[in-house]
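# Structural overview for review
The lines below spell out each chain.
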Amino acid sequence: MSTIAPDADPAADAAVRGDDRRHVFHSWSAQALIDPLPVAGGAGATFWDYAGRSYLDFSSQLVNLNLGHQHPDLVAAIQEQAGRLATIQPSMANDTRGELARRISEISPDGFSKVFFTNGGADANENAVRMARLVTGKRKVLAMYRSYHGNTSTAITLTGDPRRWANEPADASVVHFFGPYAYRSPFHADSPEQEAERALAHLEQTIILEGASTIGAIIIESVVGTNGVLIPPPGYLPGVRELCDRYGIVYIADEVMVGFGRLGTWWGFENFDVVPDLITFAKGVNSGYVPLGGVVVSDRIAAHFDTVSFPGGLTYSGHPLACAPGIATFEVFRRDGILERVRDLGERVVRPRLEQMAARHPSVGEVRGLGLFWAIELVRDRQTRAPLVPFNAAGADAAPMAAFAAACKKAGLWPFTHFNRVHVAPPLIVSEDDLVRGLDIIDRALEVTDAEVAS
């Protein structure tokens, strides 16, 4: 739905900015070099500031706001739960927590009966790795270079992108490998099938050279998120499954970003004919209205802890105020046909429109995605595929992407940009009119990046 922002409130804007700049220490930032936008409110796929400007949220904040801003059903669920039982410790049984765990189990593959709740995605991945290590008796974990798994100790080490660098050393038992990326193939492949074959051969060689007897788990984002919306080529994830079975390794599917409908399915891995051993989730489970994450545990792994204590836990594990909007999320998805509309909008609206942009704009090297999760990869030269800005660009080097983002914001769209890419990830409840309007804004803003293309 389109929403008109309220009138400007300069006094409130100044007060919010003042408190933020004096007292809030922001993540991933040089504190004196940022100017966070004061947000006054939001509804549906739109939010607005105190200056009276509204923005289509094409990043779903941090790709978590699957059901949009201020969804009435999620807000009502939190209010009802707060009035009935605001909190209870995780060692006690709770109806809301138990119902959400049951519902998550019911959408998971056969043989996944248990859910371990966490406060978010990073600690979900931490605890999944802990489970794998305890069950296998092997400590080493393999993760992709192009990945993000969180900012806690092991999770940031698992992360392949540059956010890891300043946090090293952390967990010395993590080894990185190259995943498939057909557009910039590290394996010099000339087809998706060849990319899968060569990426699997590389992974197997990594297992052999690192020692299968030392490797407890492989963790993979079912679709790589922030680092490129990289869709695994046909056969790749089933091939990973086969390698894990052959070498006695636990396969962890990181579904933090793509789980709960982002690709038009409950779980992202459903699109690739594979079943992992552990599933981590967060974000879309309740659209981030209250922090929540977790691990869906296969019965085989859960059985290990029937008589052996699991050495982990959190004070707020399965917090009732977080679980209540999780239950409401299931009701909204089923009532409103969210999965079906995501698949429809992705294939009928987003894919053809992005393909048209790719054909028309010389700065577009490739578009790729599924559901409501897409990337536009920007280049300086289509022939060489030289990226529009360098890997991990900052400051003046990142100026072309900053100019693109500024053009989007001026036109009323809040984009998701990362390195040389634009990601398209609006709330799953975005109206078709707003989706088209947002794509129109991106289309026009690409004229800024076209000016950077080599003549």
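Residues numbered from 1 in each chain as written. Predicted model: local features only at pLDDT ≥ 70, side-chain atom pairs only at ≥ 80, totals over all residues. Heavy atoms only, no water.

The next point concerns the sheet that holds strand S3 (residues 54–57). Taken together, 4 strands build an open sheet; the order of strands is S1-S2-S3-S14 and the sheet is mixed. The open sheet has two edge strands, strand S1 (39–43) and strand S14 (413–414), and neither has a second partner. When S3 meets S14, the two strands line up parallel, connected through 2 bridges. Within the sheet, the bridge partner assigned to Leu56 lies in S14 and is Leu413. (Pairing = 2+ DSSP bridges. Helix = DSSP H or I, 4+ residues; strand = E, 2+ residues; numbered from the N terminus.)

Where helix H4 (residues 95–107) contacts helix H10 (residues 320–336), the axes come no closer than 8 Å and their chain directions differ by 40°. Taken together, H4 and H10 sit at an angle that is classed as oblique. Our pair here, H4 against H10, has a crossing hand that is left-handed. On the side of H4, the interface is formed by Thr96, Arg97, Glu99, Leu100, Arg103, Ile104 and Ile107, while H10 contributes Pro320, Cys323, Ala324, Gly326, Ile327, Phe330, Glu331 and Arg334. In terms of residue class, the contact of H4 with H10 is built from 8 nonpolar, 2 polar and 5 charged. (Axes fitted to C-alpha atoms, helices over the stretch in contact; angles between N-to-C directions. Parallel < 35°, antiparallel > 145°, perpendicular 65-115°, else oblique. Left-handed = near helix turned anticlockwise from the far one by under 90°. Contact = heavy atoms within 4.5 Å. Nonpolar A, V, L, I, M, F, W, Y, C, P; charged D, E, K, R; others polar.)

It is worth spelling out the pairing of strand S7 (residues 215–221) at this point. With 7 of 7 residues buried, S7 is to be regarded as a mostly interior element. Two elements, strand S5 (residues 140–144) and S7, share 4 bridges in a ladder whose sense is parallel. The partner of Lys140 across the bridge, within S7, is Ile215. Note: S7 against strand S8 (residues 250–254), 5 bridges, orientation parallel. Opposite Glu221, over in S8, you have Asp254 as the bridge partner. For the crossover that starts at S7, traverses helix H8 (residues 236–247) and ends in the parallel S8, the hand is right-handed. (Buried < 20%, exposed > 50% of the residue type's maximum accessible area, 1.4 Å probe, protein only. Right-handed = clockwise from strand over helix to strand, strands pointing away.)

The next point concerns the pattern of salt bridges. Across all of its chains, the model carries 33 salt bridges by this definition. Glu347 is paired through a salt bridge with Arg351; the nearest N and O atoms lie 2.8 Å apart. With Glu347 and Arg351 both in helix H11 (residues 338–360) and 4 residues apart, this pair spans about one turn of that helix. Among the ionic contacts, a cluster of salt bridges with common partners joins Arg184, Glu366, Arg368 and Glu377. (Salt bridge = Lys/Arg side-chain N within 4 Å of Asp/Glu carboxyl O.)

With that settled, consider the nonpolar core. Ile104, Tyr236, Trp267 and Ile376 are the most contacted members of the largest nonpolar core, which has 106 residues in total. If sequence neighbours within four positions are ignored, Ile376 has contacts with Leu354, Met357, Val364, Glu366, Val367, Asn420, Arg421, Val422, Val424 and Ile442. (Core = buried A, V, L, I, M, F, W, Y, C linked by side-chain atoms within 4.5 Å.)

Below, the discussion takes up the pairing of strand S10 (residues 293–298). Sheet faces and side chains relate simply in a regular strand, where the side chains alternate between the two faces. A large share of S10 lies buried, amounting to 6 of its 6 residues. Covered by surrounding structure in S10 are Gly293, Val295 and Val297 together with Gly294, Val296 and Ser298, the residues of both alternating faces. Pairing of strand S4 (residues 112–118) with S10, which is carried by 6 bridges, proceeds in the antiparallel orientation. Residue pairing in the sheet places Phe112 in a bridge with Ser298 of S10. Across 4 bridges, strand S9 (residues 278–281) lies against S10 in antiparallel orientation. Following the sheet pairing, Thr280 is matched in S10 by Val295.

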